[in-house]
Amino acid sequence: QKEVEQNSGPLSVPEGAIASLNCTYSDRGSQSFFWYRQYSGKSPELIMFIYSNGDKEDGRFTAQLNKASQYVSLLIRDSQPSDSATYLCAVNSSASKIIFGSGTRLSIRP
Amino acid sequence: DTAVSQTPKYLVTQMGNDKSIKCEQNLGHDTMYWYKQDSKKFLKIMFSYNNKELIINETVPNRFSPKSPDKAHLNLHINSLELGDSAVYFCASSHQGSGANVLTFGAGSRLTVL
């Protein structure tokens, strides 16, 4: 079992719709959880992080964490073509290592 | 500009050569990392240093040797390069005491081994 799992996609969503990205992790002792966005040929950049169960909202982005189910998700409301990128889920594990999933490619179609 | 900067941005070299990548951060962070991103975009941690001390050393061939002369610098030296070393190498930094441990990445160094 991979430590952090994501569907590779591509996930295609029409402009203006909600994009839903999912991630599961295996280490129950993981402490904090991150979503990074990576455009082609660029470095990953942080969208948001979460460490408490529930929802955390920042503008059009909402991160959701369920530690019992070992599940993290990212919702993007009112999707824009500029949201087309690879989204990386990352977990700060119990060994204090930040481990990344393989990323989900998101494509927003106009 | 406050940032994580790494050089060179591109490296093209022959198998068997030795090469180095340098990284510097001026964010005042105490922890620095090297990650390798392969052609499938999987970002894998290689090394981490906290205040010049090696704290994470993943299963990486000993041809890879990191060096941290001070907490603002972390370099990566690779001996006897192999085809499989071709990848993008990202340096990153964070402040471990900040709770969430958010990574700030450099722009990446694309290594191509021929």
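Just so it is clear, the model here is predicted, and its values are computed rather than measured.

What to know about the side chain of threonine 31 of chain B
Residues and elements named next belong to chain B. Take threonine 31: it is sitting in strand 4 (residues 31-37). At a separation of 3.0 Å, a polar atom in the side chain of threonine 31 contacts the side chain of aspartate 30. A distance of 2.8 Å separates polar atoms of two side chains, one belonging to threonine 31 and the other to asparagine 50. With sequence-adjacent residues up to four places away left out, threonine 31 is seen in contact with Ser48, Tyr49, Asn50, Ile55, Ala92, Ser93, Ser94 and Gln96.

Some points on the interface of chain B and chain A
If you look at the interface, chain B gives 19 residues, while chain A gives 17 residues. For the pair chain B and chain A, the summed buried area comes to about 1,500 Å², and 59% of that belongs to carbon and sulfur atoms. For the pair chain B and chain A, the interface holds one salt bridge. Here glutamate 58 of chain B and lysine 97 of chain A are joined by a salt bridge, their closest N and O atoms 3.0 Å apart. Listed by contribution, the elements that provide at least two residues to the side of chain B that touches chain A are strand 4 and strand 5 (43-50) of chain B. In terms of residues, the side of chain B that touches chain A owes the most to one element, strand 4 of chain B, which gives three residues.

Brief notes about the sheet that holds strand 6 (residues 54-58) of chain A
Residues and elements named next belong to chain A. As summarised here, the arrangement of the five strands in space is 1-3-8-7-6, forming an open sheet in which the pairing is antiparallel. The outermost strands of the open sheet, each flanked by one partner alone, are strand 1 (4-5) and strand 6. As defined by bridge partners, strand 7 (residues 61-66) adjoins strand 8 (residues 71-76) across six bridges and the pair is classed as antiparallel. Within strand 8, the residue paired with glutamine 64 across the bridge is serine 73.

Brief notes about the pattern of salt bridges
The full count for this structure, using the stated rule, is six salt bridges over all chains. The salt bridge partner of arginine 60 of chain A is aspartate 83 of chain A, with a shortest N-O separation of 2.9 Å. In this pair, arginine 60 of chain A sits in the loop between strand 6 and strand 7 while aspartate 83 of chain A sits in the loop between strand 8 and strand 9 (85-92), placing the two residues 23 residues apart along the sequence. With its nearest N and O atoms 3.5 Å apart, the salt bridge here joins glutamate 82 of chain B to arginine 63 of chain B. Of this pair, glutamate 82 of chain B sits in the loop between strand 8 (73-78) and strand 9 (87-94) while arginine 63 of chain B sits in the loop between strand 6 (53-57) and strand 7 (64-70), and the two are 19 residues apart along the sequence. Three or more residues joined by partner-sharing salt bridges are found here, namely Arg63, Glu82 and Asp85 of chain B.

Description of the packing of aromatic side chains
Geometry of an aromatic ring pair is reported as the spacing of the ring centres plus the angle between the planes. Residues and elements named next belong to chain B. Throughout the structure, instances matching the rule amount to twelve aromatic pairs over all chains. On the basis of an interplanar angle of 55 degrees and a centroid distance of 5.9 Å, the ring pair of tyrosine 35 and phenylalanine 105 is categorised as tilted. Taken as a pair, tyrosine 35 in strand 4 and phenylalanine 105 in strand 10 (residues 104-105) lie far apart in primary sequence, 70 residues in all. Neither residue differs from the other here; tyrosine 35 and phenylalanine 105 are each classed as buried. An angle of 35 degrees between the planes, with centres 6.3 Å apart, marks the rings of phenylalanine 64 and tyrosine 89 as tilted. Here phenylalanine 64, found in strand 7, pairs with tyrosine 89, found in strand 9; they are 25 residues apart in sequence, far enough to count as distant.

The rules we used
- Residues numbered from 1 in each chain as written.
- Chains lettered and ligands numbered in written order.
- Predicted model: local features only at pLDDT ≥ 70, side-chain atom pairs only at ≥ 80, totals over all residues.
- Heavy atoms only, no water.
- Helix = DSSP H or I, 4+ residues; strand = E, 2+ residues; numbered from the N terminus.
- Polar contact = N/O pair within 3.5 Å; in protein donor to acceptor, adjacent residues only side chain to side chain.
- Contact = heavy atoms within 4.5 Å.
- Buried area = accessible area lost by both parts, 1.4 Å probe.
- Salt bridge = Lys/Arg side-chain N within 4 Å of Asp/Glu carboxyl O.
- Pairing = 2+ DSSP bridges.
- Phe/Tyr/Trp six-rings, centres within 6.5 Å; stacked < 30°, edge-to-face > 60°.
- Buried < 20%, exposed > 50% of the residue type's maximum accessible area, 1.4 Å probe, protein only.

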